[in-house]
Amino acid sequence: MYLKTKSGKKVYLPTPEEDAAITATAMSDPDALPLTDAEFAKLKRVGRPRAAVTKERITIRLSREVVDAFRATGSGWQTRMDEALMEWVREHRS
């Protein structure tokens, strides 16, 4: 048995008998038992911690010369560009 995705690809599904056999085999493995609700609740979020102050995602068109100059400074160039703009804002506040 299979389902078709929106893109037309076929996703094959196990029969109920195959699914039961797969589940029985998985449940017989003590190292592969599903997590309990309590165990699942203890899991920590993986990845970068959320920032206290978030930034706004926008689309902006800049001259190639400006973008190339910041990109040439390596990883973190967008943060440095933000810092340069913040410096301009501080100097030009009325």
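Keep in mind that what you see is a predicted model, and the values were worked out from it rather than measured.

### Quick notes on the overall build of the protein
Alright, step 1. Per the secondary structure count, the protein includes four helices and two strands.
Alright, step 2. For the protein, the succession of helices and strands along the chain, N to C, is β-β-α-α-α-α.
Alright, step 3. The C-alpha atoms of the protein give a radius of gyration of 26 Å, which is well past the 12 Å a tight globule of 94 residues would have.
Alright, step 4. Once the C-alpha set of the protein is aligned to its principal axes, its extents read approximately 70 × 40 × 25 Å.
Alright, step 5. Each of the 94 residues in the protein was classed as buried or not, and the buried ones make up 3%.

### Quick look at the packing of helix α3 (residues 64-71) against helix α4 (residues 77-92)
Alright, step 1. Look at α3 against α4: their axes get within 8 Å of each other, and the N-to-C directions meet at 120 degrees. Judged by the inter-axis angle, α3 sits oblique to α4. Regarding α3 and α4, the two cross each other, and that crossing is right-handed. Residues Val66, Val67, Phe70 and Arg71 of α3 pack against Trp77, Arg80, Met81 and Ala84 of α4.
Alright, step 2. Tallied by class, the residues present in the contact of α3 with α4 amount to six nonpolar, no polar and two charged.

### Some remarks on the pattern of salt bridges
Alright, step 1. Across all of its chains, the model carries one salt bridge by this definition.
Alright, step 2. A salt bridge links lysine 55 to aspartate 82; its shortest N-O distance comes to 3.6 Å. In this pair, lysine 55 sits in the loop between α2 (37-42) and α3 while aspartate 82 sits in helix α4, placing the two residues 27 residues apart along the sequence.
Alright, step 3. For aspartate 82, a relative accessible area of 32% corresponds to the partly exposed category.

### Examining the confidence of the model for the protein
Alright, step 1. Averaged over all residues, the pLDDT of the protein is 90; the fraction at 70 or higher stands at 100%.
Alright, step 2. The secondary-structure element of the protein with the lowest mean pLDDT is strand β1 (residues 2-4), recorded at 82, while α3 shows the highest, at 97.

### Some details on a nonpolar patch on the surface
Alright, step 1. On the surface, a nonpolar cluster with roughly 380 Å² of combined accessible area is contributed by Met1, Leu3, Val11 and Leu13.
Alright, step 2. Structurally, the position occupied by leucine 3 is in strand β1.

### Examining the environment of leucine 33
Alright, step 1. Looking at where leucine 33 falls in the secondary structure, it is placed in the loop between α1 (16-28) and α2.
Alright, step 2. Leucine 33 gets classed as partly exposed once you look at its relative accessible area, which sits at 43%.
Alright, step 3. Setting aside residues up to four positions removed in sequence, leucine 33 forms contacts with Ala26 and Met27.

The rules behind these values
Residue positions are counted from 1 within each chain, in the order its sequence is given. A pLDDT threshold of at least 70 governs which residues receive local features in this predicted model, and a stricter bar of 80 or more applies before side-chain atom pairs are shown or counted, although totals over entire chains, interfaces and linings include all residues. Excluded from the side-chain calculations are hydrogens and water; all other atoms, namely the structure's heavy atoms, are used. Put simply, DSSP H or I for four residues or longer makes a helix, DSSP E for two residues or longer makes a strand, and each gets a number counted from the N terminus. Here the radius of gyration uses the C-alpha set of atoms, whereas the globule reference equals 2.2 Å times the residue count to the power 0.38. Exposure classes here rest on a 1.4 Å probe applied to the protein chains alone. A residue is buried below 20% of its type maximum, exposed above 50%, and partly exposed in between. Axis angles are defined between N-to-C directions and span 0 to 180 degrees, where every axis is a line fitted to C-alpha atoms and, for a helix, only to the segment in contact. Small angles under 35 degrees read as roughly parallel and large ones over 145 as roughly antiparallel, with 65 to 115 read as roughly perpendicular and the rest as oblique. Rotating anticlockwise by less than a right angle from the far helix to the near helix defines a left-handed crossing, while the corresponding clockwise rotation defines a right-handed one. Contacts are residue-level and defined by heavy atoms, with any inter-residue pair within 4.5 Å sufficient. Under the convention adopted here, Pro, Cys and the residues Ala, Val, Leu, Ile, Met, Phe, Trp and Tyr are nonpolar, Asp, Glu, Lys and Arg are charged, and Gly plus all remaining residues are polar. Counted as salt bridges are all cases of a side-chain nitrogen of Lys or Arg within 4 Å of a carboxyl oxygen of Asp or Glu. Confidence of the predictor in every single residue is expressed as pLDDT, which spans 0 to 100. Patch rule: a residue counts if its relative accessible area is over 30% and it has no salt bridge; like charges are joined within 9 Å, and nonpolar side chains (Val, Leu, Ile, Met, Phe, Trp, Tyr) within 5 Å. Per-residue and other accessible areas were derived by the Shrake-Rupley procedure at a 1.4 Å probe size, with only the shown protein chains allowed to occlude residues.

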